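# Commentary on secondary and tertiary structure
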Amino acid sequence: MHIPVLAEQVIGFFNELSPEAPRLILDCTLGGGGHAIQLLATAQQVRLVGLDRDRQAVERCRERFAGSGQRAAALHANFSDAAAVLEDCWDTLAGELGLGAGPERAFGFILADLGFSSFQIDSADRGLSFQGNGPLDMRLDQSQGQTAAELLNSLDEREISRLLRRGGVGSEASAVAREIVKRRPLRTTADLVAVCEKSVPQARRSPGRSPATTVFQAVRIEVNQEFAAIEALLRAAPELLSPRGRLAVISFHSLEDQLVAKAMRKWQRSEMPAKLPVKQVNDTLGKLLTANAVTPTEEEIEANPRSRSARLRVFEMH
Ligand SMILES: C[S@@+](CC[C@H](N)C(=O)[O-])C[C@H]1O[C@@H](n2cnc3c(N)ncnc32)[C@H](O)[C@@H]1O
């Protein structure tokens, strides 16, 4: 069972939307449909379009939405392609959800709850967890792209070291890359765990944390091109939002959160030099509603340890 993270806070930001903003939601990361179902339950007029790059997640959500009286649709898509996908199927979606006439693709609320769901991490055959043994796959969309095994068995040592560093691995990246090359071909998650056990010395390990944690994170980020997808979504979001629409992003590690924070801060900064006598011209996109990221309460962390590292940032358009 996947428990939606920071759900109360997300619902709060949705309920406080300006009356001007349409109650049309784009959920970029449907997962188990937890946030989506709670958002739909806030009011009968709410409509939701949901995306997920994992086909199983989309099928699961279609079943969950069956009882919502045609107020929600689920599409199999990478959110990096959101603008193009929505453009292609907008007429059908608008018909299905009874959206009537109105500005195209003007969402009042966009949610992205990044990373992976409990369904994905708990299925050993996805290869996302270092706890159970399974094929070294890690693709969130298993219908395309290279698996982690294909990637690690083909790149050279320097490229592997670089991808590990990009994904958050520290100075042990080169030792891990060397050990990967030495033990190739890697086939299973246990093979990659064995690499980490061998190449990260006891003295460099954080207490209570497997040395495989960050290595698995870095490889998963590369396999799924996660940073590029977030950057593409951040480029598209201002065009997809209606006036007074809100973008809410939940991230689970500092590298993702930095991308989100940087983009949102840039959107609220004026491009005009402060000294020009045109100060009254407002060329910002809107305002950041979360000066500091919103984090879960102690009670939420206790009930759902997966929420521990979650950080929510919300931006509102003018
Ligand atoms: C943390 S879960 C979302 C959970 C969901 N909010 C809920 O309450 O059940 C993240 C989901 O995002 C999906 N995902 C990750 N990156 C994606 C991308 N670039 N495009 C579309 N879906 C993505 C994953 O497949 C996963 O199902």
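Residues numbered from 1 in each chain as written. Predicted model: local features only at pLDDT ≥ 70, side-chain atom pairs only at ≥ 80, totals over all residues. Heavy atoms only, no water.

### Here's the deal with the environment of Arg313
Quick note on the threshold: Runs of H or I in DSSP of at least four residues are treated as helices and runs of E of at least two as strands, each being numbered from the N terminus. Relative accessible area decides the class of each residue, using a 1.4 Å probe on protein chains only: under 20% of the type maximum gives buried, over 50% gives exposed, and in between gives partly exposed. Two residues qualify as a contact provided that any one of their heavy atoms is within 4.5 Å of a heavy atom in the partner residue. Polar contact is the term for a pair of N or O atoms within 3.5 Å; when the atoms are in protein, one must be able to donate a hydrogen and the other to accept it, and sequence-neighboring residues count only if both atoms are side-chain atoms.
For Arg313, the location among the structural elements is in strand S7 (residues 311-317). With relative accessibility at 6%, the residue Arg313 sits in the buried group. Placed 77 residues apart in sequence, Arg313 and Ala236 show a C-alpha to C-alpha distance of 17 Å. Sequence-distant contacts of Arg313, defined by excluding residues within four places in its chain, comprise Leu247, Ala248, Val249, Asp257, Val260, Ala261, Met264, Arg265, Thr290, Ala291, Asn292 and Ala293. A distance of 2.8 Å separates polar atoms of two side chains, one belonging to Arg313 and the other to Asp257.

### So, the site of the ligand
We count it as follows: A single heavy atom is enough: if one lies within 4 Å of a molecule or strand, its residue is considered near that molecule or strand. Residue burial considers only the protein chains on display, and all accessible areas are found by Shrake-Rupley using a 1.4 Å probe. Residues are grouped as follows: nonpolar covers Ala, Val, Leu, Ile, Met, Phe, Trp, Tyr, Cys and Pro; charged covers Asp, Glu, Lys and Arg; every other residue, Gly included, is treated as polar.
The local shell around the ligand holds 25 residues, among which His35, Asp52, Phe79, Asp113 and Gln120 are the closest. Separating an oxygen atom of the ligand from a backbone N or O atom of Leu30 is a distance of 3.5 Å. Asp113 has a polar side-chain atom sitting 2.8 Å from a nitrogen atom of the ligand. Calculation on the ligand without its partners gives an accessible area of 610 Å², and the protein chains cover 99% of this total. Tallied by class, residues from the shell around the ligand come to nine nonpolar, 11 polar and five charged.

### What to know about the domain arrangement of the chain
Defined as follows: Boundary definitions for the domains trace back to an automatic or database domain assignment. The term buried area refers to how much accessible surface (probe radius 1.4 Å) is lost by two components on association, counted for both of them together. By convention in these notes, a salt bridge is any Lys or Arg side-chain nitrogen within 4 Å of a carboxyl oxygen on Asp or Glu.
The domain architecture assigned to the chain consists of domain 1 (7-118 + 226-317) and domain 2 (142-223). When each unit is reduced to the centre of its C-alpha atoms, the spacing between domain 1 and domain 2 is 31 Å. Each side of the interface is counted separately: domain 1 has seven residues, and domain 2 has seven residues. Summing the contributions of domain 1 and of domain 2, the shared interface buries around 650 Å²; its carbon and sulfur component is 51%. The interface formed by domain 1 and domain 2 contains one salt bridge. Salt-bridge contacts for Arg220 lead to Glu226; the nearest nitrogen and oxygen are separated by 2.9 Å.

### Details of helix H7 (residues 157-166)
As a reminder, the rule being used: By arc we mean the arc of the directions from the helix axis to the C-beta atoms, nothing more.
Among all positions in H7, only Ile160, Ser161, Leu163 and Leu164 are buried. Taken down its axis, H7 places every buried residue within 165 degrees of arc, on the same side. The N-capping residue of H7, defined by a side-chain oxygen 3.1 Å from the backbone nitrogen of Arg158, is Asp156. Of the residues flanking the end of H7, it is Gly168, one or two places downstream, whose phi is positive at about 110 degrees.

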